[in-house]
Amino acid sequence: MNVKINNEPAVLADGTTLAQLAAERNLPDRGVAVAVGNAMVPRAEWSGRTLVEGDDIVILKAFCGG
């Protein structure tokens, strides 16, 4: 299926969950927020949130610096 991740086109397998996407992208266990269609999805819901054709996914990673 075709989706956008951080405004870049991406192709994912049908039935991919946010948890699977996070694992595929090696996202850290902390300091990451994900929104689908401008709605934040709590990490506790990632395994139950199945992505669908056309989803617009934004992955934000916290970082320190100055």
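Our subject is the structure that appears above.
Now for a description of the structure that goes with this document. This structure is a prediction, so every number in the text was calculated from the model and none was measured.

**Concerning the pattern of salt bridges**
Then, in step 1: Per the counting criterion, the structure on display carries 1 salt bridge.
Then, in step 2: D55 serves as the salt-bridge partner of R49, at 3.5 Å between the closest nitrogen and oxygen.
Then, in step 3: On the accessibility criterion, D55 (12% relative accessible area) is buried.

**Digging into the sheet that holds strand β5 (residues 56–61)**
Then, in step 1: What the 5 strands build is an open sheet, ordered β2-β1-β5-β3-β4; its pairing is mixed. The outermost strands of the open sheet, each flanked by one partner alone, are β2 (8–11) and β4 (39–40).

**A short note on the side chain of T17**
Then, in step 1: Mapped onto the fold, T17 is located in the loop between β2 and α1 (18–24).
Then, in step 2: Of the residues examined, T17 reaches a relative accessible area of 12% and is grouped as buried.
Then, in step 3: Discounting chain neighbours no more than four positions away, the residues touching T17 are W46, S47, R49, T50 and L51.

**Description of the side chain of T16**
Then, in step 1: Within the secondary structure, T16 sits in the loop between β2 and α1.
Then, in step 2: What makes T16 buried here is its relative accessible area of 4%.
Then, in step 3: A distance of 2.6 Å separates a polar atom in the side chain of T16 from the backbone oxygen of A13.

Criteria and cut-off values
- Residues numbered from 1 in each chain as written.
- Predicted model: local features only at pLDDT ≥ 70, side-chain atom pairs only at ≥ 80, totals over all residues.
- Heavy atoms only, no water.
- Salt bridge = Lys/Arg side-chain N within 4 Å of Asp/Glu carboxyl O.
- Buried < 20%, exposed > 50% of the residue type's maximum accessible area, 1.4 Å probe, protein only.
- Pairing = 2+ DSSP bridges.
- Helix = DSSP H or I, 4+ residues; strand = E, 2+ residues; numbered from the N terminus.
- Contact = heavy atoms within 4.5 Å.
- Polar contact = N/O pair within 3.5 Å; in protein donor to acceptor, adjacent residues only side chain to side chain.

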